[in-house]
Amino acid sequence: MKHIRILHTADLHIDTTFFSVSQKAELLKHELLETFGRIVGIAKEKNVDAILVSGDITDNGTMSEASYKFMCEAFDKISHIPVFAILGNHDFGLNYTFPENVHLFGTDLDFVSLKDADIYGANFNFEKDVSPLKDLVIKDSGKINIMLCHGTLNGNTDNPFLTSDIEKSGLNYLALGHIHSFDGLDKKGKTYYCYSGVPMGRGFDELGEKGVIIADIYENTVETEFVPVAERKFVELSVDCDGLSNYIEVADKVFESTNEKDLYKIVLKGTPSGHINAETLSAVLQEKLFYAKVVDRTKAEVNIDELAKEQSLAGYFVKNAMNNQKALEYGLKALNGERIYTDED
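The paragraphs below set out a description of the structure included in this document. (Residues numbered from 1 in each chain as written. Predicted model: local features only at pLDDT ≥ 70, side-chain atom pairs only at ≥ 80, totals over all residues. Heavy atoms only, no water.)

1. Some points on the pairing of strand β10 (residues 173-177)
The element β10 is largely enclosed, with a buried count of five among its five residues. On β10, burial covers both faces: Y173, A175 and G177 on one face and L174 and L176 on the other are all buried. In terms of strand pairing, strand β7 (residues 144-150) meets β10 through five bridges, oriented parallel. Across the sheet, residue M147 finds its bridge partner in β10, namely L174. (Buried < 20%, exposed > 50% of the residue type's maximum accessible area, 1.4 Å probe, protein only. Helix = DSSP H or I, 4+ residues; strand = E, 2+ residues; numbered from the N terminus. Pairing = 2+ DSSP bridges.)

Now the structure itself:
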């Protein structure tokens, strides 16, 4: 029975700037490299037959000398395992020589033959927004056929392709990159496919556990295991502030649901009974947590009708903003000297 075990990863984004968490940027940049080192270690531990890197090796088409050296040394440690990689949309201009066990596909669709499998791949097409599967013709249907692909499933841009393209491909497994979350293994026709997601979150738009896929690929089926590899997670935590009177009470509630390792976006909701200063709360949380960002979406416990009767700046403002709830909320916070966080924060 034909069989191949692969490690599927993508969207490494080596040398990400981590600008959204700038005070932790250098440490996280180093930890991203360490995450790549763990991926190599998992490949060795799981005794895989090949590693697939489905694009966006780097964040901007280049990397520091130290990062390049780290990657090459990691690949050298698994010189017995072939590594197949393609360029993604973030790899424009990438021009590095990697160790001999690393095969970087070119612009045109090509394949490499292994004992039981053929591995197909082509770099992200920077010139034409076309389906990466359009030129695929399976050379040997008697083998296991696998393809690396960086693009958007059922999208309109970034090398889009359709589920119907997958169904007609004749592949056993399509190793996808470009979408940064793993949503499980899917199947269309005889072809199994999935996005591996990023191996390490890089912001609060990449929440939760991140990792790689170990896939055992047979002629008629595929079995996968999601293996977490990231040291930390980006986590969004909603905190109900109903009845809480000060930032100390809120902090205590936050600490009940957090750890000292992960990065948190703390979203305050509800109607507290007292004034909670988000910036003071953030400073308190930073003393114990690795990273915490506070977004205040609470609603002030204010008697609007009474406030509108006051002969004051607040009273004048309320009278003129009575029909705009969002303006009332932001305006009253501003009058209290608080920083304003919008829904996009």
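Let us keep going from here.
2. Comments concerning the side chain of S196
Tracing the backbone through its elements, the reader meets S196 in the loop between β12 (191-195) and β13 (211-218). Judged by its relative accessible area of 1%, S196 is buried. For S196, the residues in contact, after removing those within four places along its chain, are H8, T9, A10, L176, F182, G211, I213 and F226. (Contact = heavy atoms within 4.5 Å.)

3. A short note on the packing of aromatic side chains
Using the criterion set out here, one finds twelve aromatic pairs in the structure. Plain terms: the ring middles of F92 and F126 are 5.0 Å apart, the flat faces sit at 70° to each other, and that makes the pair edge-to-face. Taken together, the positions of F92 in the loop between β3 (83-86) and β4 (102-104) and F126 in the loop between β6 (117-121) and β7 put the pair 34 residues apart, joining distant regions of the chain. A relative accessible area of 59% means that F92 is categorised as exposed. An aromatic cluster of three or more residues is present, and its members are F36, Y68, F75, Y96 and F98. Seen from the ring of F290, K24 lies directly overhead, with NZ or CZ sitting 4.5 Å from the centre. Above the face of the F255 ring, K288 is positioned so that its terminal group lies 4.8 Å from the ring centre. (Phe/Tyr/Trp six-rings, centres within 6.5 Å; stacked < 30°, edge-to-face > 60°. Lys NZ or Arg CZ within 6 Å of the ring centre and 35° of its normal.)

4. Section: empty space enclosed by the protein
Scanning the entire structure with this criterion turns up two cavities of 30 Å³ or more. Reported here for the largest cavity is a volume of approximately 60 Å³. Lining the largest cavity are L12, F36, V53, I57, M71, F75, V83, A85, F98, V102 and L104. Counting residues per element, the ones that place at least two in the lining of the largest cavity are α2 (65-77), β3 and β4. (1 Å grid on protein atoms, 1.4 Å probe; cavity = no way out; pocket = protein on both sides within 12 Å on 5 of 7 lines; lining within 4 Å. Points joined across faces, edges and corners; volume = space filled by probe spheres on them.)

5. Quick notes on the sheet that holds β10
The strand order β5-β6-β7-β10-β12-β11 describes an open sheet built from six strands, whose pairing is mixed. Strands at the two margins of the open sheet, each flanked by one partner only, are β5 (110-113) and β11 (186-188). For this sheet the average axis-to-axis angle between neighbouring strands, irrespective of direction, equals 25°. The pairing of β5 with β6 spans four bridges and is classified as antiparallel. (Axes fitted to C-alpha atoms, helices over the stretch in contact; angles between N-to-C directions.)

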